[in-house]
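Here are the chains, one letter per residue:
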Amino acid sequence: MKNYELVYVVKPNADEEAREAVMNKVKEVVATAGEVVNVDVWGTKKLAYPIAKFNEGHYVLVNFKSAVDVPKELDRNLKINENVIRHMIVVA
């Protein structure tokens, strides 16, 4: 299993339930073939440039260990989610 880092940005107008739903989906996908090591909620921060007419976003960092096919599935799920405006997965 490899170590990965995922950073995603949720729309600032999304309520707490929507943020928790994204977090639970990430944990659910990682749990299929790995484990979540750490979740660090950075909170709402100003974006470097506007994305989809938003100037702020709610940032979350997730460190996890998983098989190589999990990041592809995570990427697919985060692209589909309407509350996520950006995400990035890297090998740590």
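Report follows, based on the coordinates. (Residues numbered from 1 in each chain as written. Predicted model: local features only at pLDDT ≥ 70, side-chain atom pairs only at ≥ 80, totals over all residues. Heavy atoms only, no water.)

### Things to note about the sheet that holds strand β3 (residues 54–66)
Overall, antiparallel pairing links the four strands, which are arranged β2-β3-β1-β4 in an open sheet. Two strands lie at the open edges of the sheet, namely β2 (34–51) and β4 (84–91), each paired on one side alone. Each neighbouring strand pair of the sheet contributes to a mean axis angle of 20°, computed without reference to strand direction. Pairing of strand β1 (residues 2–10) with β4 involves seven bridges; the strand directions are antiparallel. In the strand pairing of β4, Leu 6 is matched with Ile 89. In the packing of helix α1 (residues 16–31) onto the sheet, contacts are made with β1, β2, β3 and β4, and the angle to β2 comes to roughly 140°. Packed onto the sheet, helix α2 (residues 70–80) meets β1, β3 and β4 and runs at close to 170° relative to β4. (Pairing = 2+ DSSP bridges. Helix = DSSP H or I, 4+ residues; strand = E, 2+ residues; numbered from the N terminus. Axes fitted to C-alpha atoms, helices over the stretch in contact; angles between N-to-C directions. Contact = heavy atoms within 4.5 Å.)

### Observations concerning the packing of aromatic side chains
Working definition: an aromatic ring pair is given by the centre-to-centre distance plus the angle between the planes. Using the criterion set out here, one finds two aromatic pairs in the structure. Here Tyr 4 and Phe 64 contribute two aromatic rings whose centre-to-centre distance is 5.4 Å and whose plane-to-plane angle is 20°, an arrangement assigned as stacked. Separated by 60 residues along the polypeptide, Tyr 4 in strand β1 and Phe 64 in strand β3 bring together distant segments of the chain. Assigned by exposure class, Tyr 4 and Phe 64 land together as buried. (Phe/Tyr/Trp six-rings, centres within 6.5 Å; stacked < 30°, edge-to-face > 60°. Buried < 20%, exposed > 50% of the residue type's maximum accessible area, 1.4 Å probe, protein only.)

### Digging into unusual backbone geometry
Even without being a glycine, Ala 52 presents a positive backbone phi close to 55°. On the secondary structure map, Ala 52 appears in the loop between β2 and β3. The exposed category is assigned to Ala 52, whose relative accessible area is 57%. A positive phi angle, near 65°, is found at Lys 53, a position not held by glycine. As for its placement among the helices and strands, Lys 53 is situated in the loop between β2 and β3. For Lys 53, a relative accessible area of 82% puts it in the exposed group.

### Some words on the side chain of Ser 66
Residue placement: Ser 66 occurs in strand β3. In this view, Ser 66 contacts Met 1, Lys 2, Tyr 4, Ala 33, Gly 34 and Pro 71; residues no more than four positions away in its chain are not counted.

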